[in-house]
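Inside the fold
Okay, here's what each chain looks like letter by letter:
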Amino acid sequence: MPSSFVSGLVGRIRGHDALERELVAVVGRGRVESGAGALKLYSRDGSVTRGGHPGIVCFPETTAEVSACVSTAARHGRPFVPRGAGTGLAGGAVPCEEPVMVVTTRMDDIYEVDVERRLAWVGPGVVNLDLSRHLEGTGLHFAPDPSSQQACTIGGNVASNSGGPHCLLYGVTSAHVLAVEVVLPDGEVVVIGAEEGRAPGYDLRGAFVGGEGTLGIATKICVRLTEDPPEVATLLLDFESVQGAADTVSAVIAAGIVPAALEIMDQRVVEAVEPFVEAGYPMDAAAVLIVELDGMTAGVAAAVARIQDIGTANGARTVRVAATEDERARIWKGRKSAFGAIAVIKPDYYLNDTVIPRTRLAEVLTRVYEVVEERDLIVMNVFHAGDGNLHPLIVFDAREPGVMERVLEAGEEIVRISVEAGGVLSGEHGIGLEKKRFMPLQFSPADLEAQDRLRRAFDVNGLANPAKVLPSGASCGHVTSLGRAPEGTWV
Amino acid sequence: MGVIDLAAFREDVGGSGPVCVRGGGTHWDVGGSDAGARSVPAPEGIEAFEPAEMTVTVGAGTTVEALGAALAEHGQEVAIDGPHGSTVGGALMVGRSPLRRGRLGEVADVLLQADCVGADGAAFTAGGPTVKNVTGYDLPRLLVGSLGTLALVGRVILRTRPLPEAFAWMSGAVSAGKVVDVLYRPATVLWDGVNTTVRVEGNSQDVDEEVDRLQMLGMETSVEPVLPPEWDRWTGALPVGGVLEVGAGVVHRPDAPEPAKVPVGVRSLGERVRDSFDPTRRLNPGRDPHRVPA
């Protein structure tokens, strides 16, 4: 073995030891992990991506500690990867290039709730649903409600610009983030945005939200709190065809009604969910549509009547208006536990996330079913129909020979169909590693260069969550994404 | 409706020399001046409007009034305000949110896609055409309020909203807090130091009910107030002749405010963004968004 190789290896190990020592000095022993168990645990997130390699994992508790972690990594020429609860579905938190993982889950303080000014300052590690629970009784809530809200953190919501069913009326996370304290990739701390109104200068806050951890680390977040509506009506419509449900959605929007939520679940989802949740979804329906309307009493009542008419005109068999809070809660519980129930059908799933024009829902859904069924696979559709945000879920058993290739093909075809229909690659899960290679389907080289200009301005040395989002630049070492994995590697 | 000629716009902008786009010129002095930069017009006209999609594709040089009239024919509107003559592109680049932001939302959330010419003279597209989109970096939000210093915008796709069925303006010597307490999502609440003026909107029966509640507080029907022309960040003290937009962080005032104070770190990040997009500072060289207070 050449001695230069040995000395290089020894130097690298010594360098790693020095890095670990310095990180321990920064955040304390017990909050730096480099054992095999931790490295394995933090090698992946909620996506199907496998094979990430964290260098070392840190659990800072303060802004100063996050800044010191980032600066220490930079001194050693190491990249860093911010991570919340790791529920992301696009591989955004999968470590590339043996980075320092900066896990913000311990930064879970709710610092301030200002009911009068309708804002709250929270740590990035606060769990989305915990904030909502904390706000109970104030008459206010945090509007973004991703399906993972029991586990996902506000910091992760900021990084992903997360959505959720109620974003149809209220907007995605960006519309609910007023200001962010950010540790920039060089360790500097800035506060971007403002508690009220627009901050002077560029909307750096708007650019940062959805940056998928490539622009810095959010260490404190000022969120907008939304007034609880005085009246809420939740409707369940069921249809003999998915097209009927899709046409109803398009017709509701065309009628100038923007409900709080418009969600479609197809028959396979209903069959999987209903036995567990007993939400009262008709098991023989081809699709059910959940509509939620909120606001003042008369406006809600008028919209309910309109939607009953529109639904009936588009083939709804029944239109049920939840009569009690319990009935309403069960309708939503079914929707929000859809992914969990899917394991009864097949052990593995691949969840896609694209957006199409909402006037073209019915035709694109037809194509989605065709594309998947042509490949002898099963697709289940449960999605945010009101903003055209498709979530086709291909379920499969990875032990079946050759199935991965077919899943990959179908997934790629769905992305193509969506873009060709005038849509986009992702509505709320982001690009991460998973969809990087599809970016040229939607963007020209000049478009991508403009996006890279933003990234380079924030991350001059290219150390923040490398190999994510943009297709140019580094690839992510040993990582395998769907379809390129050897058989049997799917967990 | 016609197709917007983006190629001609790109040629007009070119690849060298100081250049800017002049819209209606209604806020021409915001954040600096044109500093003698060559001025080019942005394309005008509505290219596509799909009421059922609730999006509109429009040339940046189209006036806010013309767009508003076209959308109103189908019962819709956009979250963009501007005085007579102002253009869609100009309003987006200045980045003021509409007075009715309580219902319409912020201007930052209205721009879905922008077809631009960069400092190098190359055309590029920021964002995407759908109402929901997290594909890549959020350049549309970065462009709103950038005063044309990062790219020049030729065509935009905007999110529309349904027009409210009814609205009412009410005014009276009642504290803003009391007014807000009896309402659900008022479109705007204004306070001039004595009187609170509010606009409620939505379903006509709901509006009637809110008007009743406000009358119980002693408020009376009024008209849309004429606001002073300049604006500043709210710092807790109302200037002479000023009107506060309650909860929006903005105070309307008769005279121009002092330039904003921006923390060093934020400014330096902003300058890096500008240098990254426009290394030679040829786009609107005489303007600086950091001077705009709110």
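Our subject is the structure that appears above.
Overview of the structure.

What follows is about the pairing of strand E18 (residues 378-384) of chain A. Residues and elements named next belong to chain A. Taken across its 7 residues, E18 has 6 buried, putting it largely inside the fold. Relative to E18, strand E13 (residues 261-266) is paired through 3 bridges, and the arrangement is antiparallel. Counted as the bridge partner of Met 265 is Val 382 from E18. Here 4 bridges tie E18 to strand E20 (residues 392-396), and the two strands are oriented antiparallel to one another. What sits directly across from Ile 378, in E20, is Val 395.

Contact geometry for helix H16 (residues 445-458) of chain A and helix H8 (residues 264-277) of chain B: axes closest at 8 Å, N-to-C directions at 145 degrees. Every pair of crossing elements has a handedness; the one defined by H16 of chain A and H8 of chain B is right-handed. Touching Ala 450, Arg 453, Leu 454, Arg 456, Ala 457 and Phe 458 of chain A of H16 of chain A are Leu 269, Arg 272, Val 273, Ser 276 and Phe 277 of chain B, all from H8 of chain B. Here the contact of H16 of chain A with H8 of chain B is built from residues that sort into 7 nonpolar, 1 polar and 3 charged.

What follows deals with unusual backbone geometry. Residues and elements named next belong to chain A. Although it is not a glycine, Asp 376 adopts a positive phi angle of roughly 60 degrees. By the element assignment, Asp 376 lies in the loop between helix H13 (361-374) and E18. Even without being glycine, Val 469 reaches a positive phi, approximately 70 degrees. Along the polypeptide, Val 469 turns up in the segment after H16. For Val 469, a relative accessible area of 1% corresponds to the buried category.

Turning our attention to the state of the cysteines. Residue and element names in this part refer to chain A. Within the structure shown, the criterion is met by 1 disulfide over all chains. With its sulfur 1.9 Å from that of its partner, Cys 96 forms a disulfide with Cys 476. What sets the handedness of the Cys 96 and Cys 476 disulfide is the S-S torsion sign, and at about -105 degrees it is left-handed. Here the residue Cys 96 occupies a position in the loop between strand E3 (80-83) and strand E4 (100-103), and Cys 476 occupies one in the segment after H16, the gap between them amounting to 380 residues. Both residues of the pair, Cys 96 and Cys 476, belong to the buried class. Of all cysteine sulfurs in the structure, the one in Cys 69 sits closest to Cys 58, which takes part in no disulfide; the separation is 4.1 Å.

Here the focus is the sheet that holds strand E5 (residues 110-114) of chain A. Residues and elements named next belong to chain A. Taken in spatial order, the 5 strands of this open sheet run E5-E6-E10-E8-E9, and their pairing is antiparallel. Across the chains shown, the open sheet's two edge strands, defined by having one partner strand only, are E5 and strand E9 (189-193). Neighbouring strand axes in the sheet, compared pairwise and without regard to direction, differ in orientation by 15 degrees on average. As paired elements, strand E6 (residues 119-122) and strand E10 (residues 217-224) share 4 bridges and run antiparallel to each other. Bridging across to E10, Val 122 finds its partner in Ile 221. The sheet contacts of helix H4 (residues 128-135) involve E5, E6 and E10, and relative to E5 the element is tilted by about 45 degrees.

Counting 88 residues, the largest nonpolar core has Ile 80, Leu 92 and Leu 158 of chain B as its most contacted members. Broken down by element, this core gets its largest block of residues, 5 residues, from H16 of chain A. When residues no more than four places from it in sequence are discounted, the contact partners of Leu 158 of chain B are Met 54, Thr 55, Val 56, Val 58, Leu 67, Val 78, Ile 80, Val 88, Leu 92, Val 110, Leu 111 and Leu 112 of chain B. Counting residues in each nonpolar core, the second largest holds 58 residues, with Val 258, Val 291, Ala 316 and Met 404 of chain A among its members.

Next up on the list: the side chain of Thr 104 of chain A. Residues and elements named next belong to chain A. Residue placement: Thr 104 occurs in the loop between E4 and E5. What makes Thr 104 buried here is its relative accessible area of 5%. The contacts of Thr 104, once residues within four sequence positions are left out, are Arg 83, Gly 84, Pro 124, Gly 125 and Ile 217.

Our next topic: the interface of chain A and chain B. Listed as interface residues are 81 residues of chain A and, on the opposing side, 67 residues of chain B. Looking only at chain A, the three residues that lose the most surface to chain B are Arg 198, Tyr 202 and Met 296 of chain A, adding up to 15% of its buried area. Between the two partners, chain A and chain B, sit 5 salt bridges. Glu 53 of chain B serves as the salt-bridge partner of Arg 358 of chain A, at 3.9 Å between the closest nitrogen and oxygen. Remark: the boundary between chain A and chain B carries 25 residue pairs in polar contact (both at pLDDT 80 or more). Of all elements in the fold, only helix H6 (167-170), E9, helix H7 (204-208), helix H8 (242-254), strand E14 (287-295), helix H10 (297-313), helix H15 (439-442) and H16 of chain A reach the threshold of two or more residues within the side of chain A that touches chain B. Top element by residues in the side of chain A that touches chain B is H16 of chain A. It accounts for 10 residues. By residue class, the composition of the side of chain A that touches chain B is 39 nonpolar, 25 polar and 17 charged.

Criteria and cut-off values
- Residues numbered from 1 in each chain as written.
- Chains lettered and ligands numbered in written order.
- Predicted model: local features only at pLDDT ≥ 70, side-chain atom pairs only at ≥ 80, totals over all residues.
- Heavy atoms only, no water.
- Buried < 20%, exposed > 50% of the residue type's maximum accessible area, 1.4 Å probe, protein only.
- Helix = DSSP H or I, 4+ residues; strand = E, 2+ residues; numbered from the N terminus.
- Pairing = 2+ DSSP bridges.
- Axes fitted to C-alpha atoms, helices over the stretch in contact; angles between N-to-C directions.
- Left-handed = near helix turned anticlockwise from the far one by under 90°.
- Contact = heavy atoms within 4.5 Å.
- Nonpolar A, V, L, I, M, F, W, Y, C, P; charged D, E, K, R; others polar.
- Disulfide = S-S within 2.5 Å.
- Core = buried A, V, L, I, M, F, W, Y, C linked by side-chain atoms within 4.5 Å.
- Buried area = accessible area lost by both parts, 1.4 Å probe.
- Salt bridge = Lys/Arg side-chain N within 4 Å of Asp/Glu carboxyl O.
- Polar contact = N/O pair within 3.5 Å; in protein donor to acceptor, adjacent residues only side chain to side chain.

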